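Coordinate inspection notes
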Amino acid sequence: MAFVGTAARWIMRLLGTRANPDSQLPRMPEHFVEDLVALTMHLAIYEPHALEGASSHLTSLFECVVALLSEPQLVHSPHLRAKFAQLLYHVYLAAEHKPDAGRAMKFAQPHQNLLQMHPRAQVDLAQALLKLYGAVEAHLDVYEKPDVRCRIARLLKHLWGSGTEHRNTFQRIAAEQESFVRFANGLMNETNSLVANIMDKLTEIRNVQVLRQDAAKWAAEPNQDDLLARHAENERSVKANLSLGNETIHMLAYLTSDSEIQKPFLLPEILPRLTTTVLSVLTKLVGAKGVNIKVNNAEELDFRPQEMLAELCRTIIHFAPYESFHAAIAADGYYHTSPGLLPKALSTVKKLHILTAAEVEELERVVTSSGAAAEAAAAAEAEDGDVPEDFLDPILCTIMTDPVRLPSGHVMQRATILQHLLNDEHNPFTRAPLKVEELVDADDIKAKIAHWRESRMEVETGLK
């Protein structure tokens, strides 16, 4: 470890300082750093006692890794940046915060206080990890991404509970609207995708369990070997995905408990994604097919549906004060296809006693307000009657309130195209590359819509 520490201090000298940013590091091959990370991580996983008495060297490596994570332009390889997060997890996160601690020492080491106490970590680490969580979406493959994100999520959960210094860092990145919106969008995309995959496979697992409980039917099954092989693979997949799925749902709940972090979630380009995520997952948990997820070995698979339901409801409760959230719930497709979903979720949490009385009261408020918003929207839509096609958003078919024109000439609601660009930076009509900066306010269309509304009001007033 003396070599690792010495090499880390040398890299820090090459890195320079923020006051003197003329770094020599870009001239050095990245595998120099990668070798230090790989060696230390190997020792932490397979020979943890080799790290005893090496606190000063591990501190030097920690400072080096945090500095490089905070300056991502100096490290071009996304795989190396991902390894930085894995190193922080395996070496610097105490075993009590790791369900998969394995052979790691069960007592805390001095270097495991660095995540919480080191000044550079307090200022930069949460922000760097949040950005890395979003960045792995485009660069890591489908097999590597879940593991890395799960490690990052557990690090972030530890930092969130480590004091006001770290909490201030979370709030600071929430104020950086573009970065945080991309992170939040990635978090919700992943939550949706993971839960959908998990529930589909849990249904298959339950079907096999039910079949095997009927001795006669199982004995008559001609494809037992294939079914058992697929069953084992489904269980492995569900267990791996639930590790990350539980963390993403938990992260959404604790992040949205902060009033400053709630603000970017209420932006028009991300709010519909939030409501779709919570309603989609609620559909899987308490919807009509809920019986299909009652597997026999839920604890072994780490499937905790009551905990998932409670945290989803708390996420909803955090936005109870905002009328825009109630309106977004009412406008969501899941609300229209499953109008009884929120009342059923409310009934379920009451029956299971998994929320406090105050939380139940806030959830009731959202259920009532969303229902009223849905009725008001339906009445307004009926009053609008036949709407000129040019006034409708071409994706959502709703009347535009903030239209923008794309380079191709198409006009869309600003929030709709901004949400699209978070996932796909191409024109949805021509597939040409498209940046936010290329959108132009469609003031002519906005004026026509306003004039149309005024004309209708005059006609309705005259009829009265």
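Thresholds, definitions, all that
- Residues numbered from 1 in each chain as written.
- Predicted model: local features only at pLDDT ≥ 70, side-chain atom pairs only at ≥ 80, totals over all residues.
- Heavy atoms only, no water.
- Salt bridge = Lys/Arg side-chain N within 4 Å of Asp/Glu carboxyl O.
- Helix = DSSP H or I, 4+ residues; strand = E, 2+ residues; numbered from the N terminus.
- Phe/Tyr/Trp six-rings, centres within 6.5 Å; stacked < 30°, edge-to-face > 60°.
- Buried < 20%, exposed > 50% of the residue type's maximum accessible area, 1.4 Å probe, protein only.
- Lys NZ or Arg CZ within 6 Å of the ring centre and 35° of its normal.
- Patch = residues over 30% accessible without salt bridge, like charges linked within 9 Å, V, L, I, M, F, W, Y side chains within 5 Å.
- Areas by Shrake-Rupley, 256 points an atom, 1.4 Å probe, with all protein chains shown as cover.
- Core = buried A, V, L, I, M, F, W, Y, C linked by side-chain atoms within 4.5 Å.
- Contact = heavy atoms within 4.5 Å.
- Pairing = 2+ DSSP bridges.
- Axes fitted to C-alpha atoms, helices over the stretch in contact; angles between N-to-C directions.
- Expected span 1.5 Å × (residues − 1).
- Left-handed = near helix turned anticlockwise from the far one by under 90°.
- Nonpolar A, V, L, I, M, F, W, Y, C, P; charged D, E, K, R; others polar.
- Parallel < 35°, antiparallel > 145°, perpendicular 65-115°, else oblique.
- pLDDT = per-residue confidence, 0-100.

**Section: the pattern of salt bridges**
The final tally for this structure, using the stated rule, is 21 salt bridges. For the salt bridge of K131 with E176, the shortest nitrogen-to-oxygen distance reads 3.7 Å. With K131 in helix α6 (residues 119-139) and E176 in the loop between α8 (164-175) and α9 (177-213), the pair connects residues that are 45 residues apart, well separated along the chain. Residue K263 pairs with E260 through a salt bridge whose shortest N-O separation is 3.2 Å.

**Comments concerning the packing of aromatic side chains**
Scanning the entire structure with this criterion turns up 10 aromatic pairs. Relative to F265, the ring of F180 lies with its centre 5.7 Å away and its plane at 85°, an arrangement referred to as edge-to-face. One end of the pair, F180, is in helix α9; the other, F265, is in helix α12 (residues 259-265), and 85 residues separate them in sequence. Classification of F180 by relative accessible area gives buried; the value is 1%. When its relative accessible area of 0% is taken as the criterion, F265 is described as buried. The lysine or arginine in question, K98, covers the ring of Y89, its NZ or CZ lying 5.4 Å from the ring centre.

**Focus on a nonpolar patch on the surface**
On the surface, I395, L396 and F429 cluster together into a nonpolar patch covering about 270 Å² of accessible area. Among the structural elements, L396 can be located in the loop between α19 (357-384) and β1 (403-405).

**Overview of the nonpolar core**
Nonpolar side chains in soluble globular proteins tend to be buried together. Y92, L125 and L202 are the most contacted members of the largest nonpolar core, which totals 123 residues. Here the element with the most residues in this core is α9; it accounts for 12 residues. When sequence neighbours within four positions are dropped, the list of residues in contact with L125 reads F62, V66, L69, L88, L115, R120 and L159.

**Some thoughts on the sheet that holds strand β2 (residues 411-413)**
Taken together, 3 strands build an open sheet; the order of strands is β2-β1-β3 and the sheet is antiparallel. Every other strand in the sheet has two partners, leaving β2 and β3 (440-441) as the edge strands with one partner each. As judged from the 2 bridges shared by β1 and β3, these two strands associate in the antiparallel manner. Its bridge partner lying in β3, R405 is registered against V440. Lying on the sheet, helix α20 (residues 414-423) is in contact with β1, β2 and β3; it crosses β2 at an angle near 90°.

**Some thoughts on the side chain of N241**
Position of N241 relative to the elements: it lies in helix α11 (residues 224-255). In contact with N241, other than residues within four places in its own chain, are L194, N197 and I198.

**Some points on helix α4 (residues 78-92)**
Across its 15 residues, α4 extends 21 Å between first and last C-alpha, which sits within 8% of the 21 Å expected from 1.5 Å per residue. The buried fraction of α4 amounts to 13 of the 15 residues, a majority that puts the element mostly inside the structure.

**Considering helix α15 (residues 305-318)**
Turn by turn, an α-helix covers 3.6 residues, leaving residues three or four places apart pointing in a common direction. Compared with the 20 Å implied by 1.5 Å per residue over 14 residues, the 20 Å span of α15 between its first and last C-alpha is a close match. In terms of burial, α15 is a largely internal element, 10 of the 14 residues being buried. Buried residues of α15: M308, L309, A310, E311, L312, C313, T315, I316, I317 and H318, and no others.

**Thoughts on the packing of helix α7 (residues 144-160) against α11**
Following both chains from N to C, one finds α7 and α11 inclined at 35°, their axes separated by 9 Å at the closest point. With respect to the hand of their crossing, α7 and α11 are arranged in left-handed fashion. Residue-level inspection shows P146, R149, C150, A153, R154, L156, K157 and W160 of α7 in contact with α11, the latter providing S243, L244, E247, H250, M251, Y254 and L255. Among the residues forming the contact of α7 with α11, the class breakdown is 9 nonpolar, 2 polar and 4 charged.

**Here we look at the packing of helix α13 (residues 271-286) against α15**
It is at 10 Å that the axes of α13 and α15 come closest, and there the two elements cross at 150°. Taken together, the axes of α13 and α15 lie roughly antiparallel to each other. Once α13 is placed against α15, the crossing between them reads as left-handed. Taking contact as the criterion, the partners of L274, V278, V281, L282, L285 and V286 in α13 are, on α15, P305, M308, L309, L312, T315 and I316. Residues of the contact of α13 with α15, tallied by class, amount to 11 nonpolar, 1 polar and no charged.

**Quick word on the confidence of the model for the protein chain**
Mean pLDDT over the protein chain stands at 89; residues scoring 70 or higher make up 93%. When pLDDT is averaged over each helix and strand of the protein chain, the minimum, 83, is found for helix α21 (residues 443-463) and the maximum, 97, for β1.

**Some points on unusual backbone geometry**
In most cases, non-glycine residues show a negative phi, while peptide bonds are predominantly trans. Backbone geometry places D302, a non-glycine residue, at a positive phi of 70°. Along the polypeptide, D302 turns up in the loop between α14 (298-301) and α15. Taking relative accessible area as the criterion, D302 reaches 26% and is therefore assigned partly exposed. One non-glycine residue with positive phi stands out, namely C397, at about 60°. Along the chain, the position of C397 falls in the loop between α19 and β1. On the accessibility criterion, C397 (55% relative accessible area) is exposed.

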